[in-house]
Amino acid sequence: MSQEGQLRDQKSLRAVTGKTADWSELAKDCVAFANAMGGQLILGIEDSKDLPPADQHILAELPDTLRRKLAERTVNVTVLPDVITAANRGQYIALRIPRALNVASTTDGRFFLRVPARYI
């Protein structure tokens, strides 16, 4: 069962690869985590799934691409990507976002905050 919540979110690997990559949306998620308590984005495990596809392998350059693309789109956000091999041998990226020491934003000046559902 998925562990998504205040400190964790899952996204398809398509969110960061190929023509379907949505770097601006990913930057918003990172800013929101950084302005809250920090968190982790799991890239490569589909919503409501526990494991990546067994044949999924992360390209060696993807962690550096993540760092670069997100640094270009955010201010005061640190991203720490780790490639993880799951029990089924499929790979995914655990993207850790620590809490920002100063207010985080996108480079176009937008601020986001991840708020627990009980406050909405």
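These lines cover the structure that appears in this document, whether it is placed above or below. Since this is a predicted model, take the numbers as computed values, not measurements.

The next subject is the overall build of the protein. Summing up its helical and strand segments, the protein has two helices and six strands in all. Going from N to C terminus, the protein has its helices and strands arranged as β-α-β-α-β-β-β-β. For the protein, the C-alpha radius of gyration of 14 Å lies close to 14 Å, the compact-globule estimate for 120 residues. By its C-alpha atoms, the protein is 40 × 35 × 25 Å across when sized along the principal axes. Looking at the protein as a whole, 40% of its 120 residues qualify as buried. Total accessible area on the protein is roughly 7000 Å²; 52% of this is exposed by carbon and sulfur atoms.

Under the 1.5 Å per step criterion, the end-to-end length of helix α1 (residues 23–35) is 18 Å for 13 residues, consistent within 8% with the ideal 18 Å. Summarising the contacts, the buried residues of α1 are in contact with β1 (8–11), β2 (39–43), α2 (62–73), β3 (74–75), β5 (91–97) and β6 (105–106).

If you trace the four strands from one edge of the open sheet to the other, you get β1-β2-β5-β4, paired in mixed fashion. At either end of the open sheet lies a strand with only one pairing partner, and these are β1 and β4 (80–85). Across this sheet, the average inter-strand angle for adjacent strands is 20°, counted without regard to direction. Direction of pairing for β2 relative to β5: antiparallel, over a ladder of five bridges. Counted as the bridge partner of Gln40 is Arg96 from β5.

As a further point, take the pairing of β1. Where β1 lies against β2, four bridges are found, and the strand directions are parallel. In the strand pairing of β2, Asp9 is matched with Leu41. Crossover handedness for the path β1 to α1 to β2: right-handed.

Enumeration over the complete set of coordinates arrives at eight salt bridges. When the shortest N-O distance is used, the salt bridge between Glu72 and Arg73 registers 3.5 Å. Through salt bridges with shared partners, a single network forms among Arg68, Glu72 and Arg73.

Cut-offs applied
- Residues numbered from 1 in each chain as written.
- Predicted model: local features only at pLDDT ≥ 70, side-chain atom pairs only at ≥ 80, totals over all residues.
- Heavy atoms only, no water.
- Helix = DSSP H or I, 4+ residues; strand = E, 2+ residues; numbered from the N terminus.
- Rg over C-alpha atoms; globule rule 2.2 N^0.38 Å.
- Buried < 20%, exposed > 50% of the residue type's maximum accessible area, 1.4 Å probe, protein only.
- Areas by Shrake-Rupley, 256 points an atom, 1.4 Å probe, with all protein chains shown as cover.
- Expected span 1.5 Å × (residues − 1).
- Contact = heavy atoms within 4.5 Å.
- Pairing = 2+ DSSP bridges.
- Axes fitted to C-alpha atoms, helices over the stretch in contact; angles between N-to-C directions.
- Right-handed = clockwise from strand over helix to strand, strands pointing away.
- Salt bridge = Lys/Arg side-chain N within 4 Å of Asp/Glu carboxyl O.

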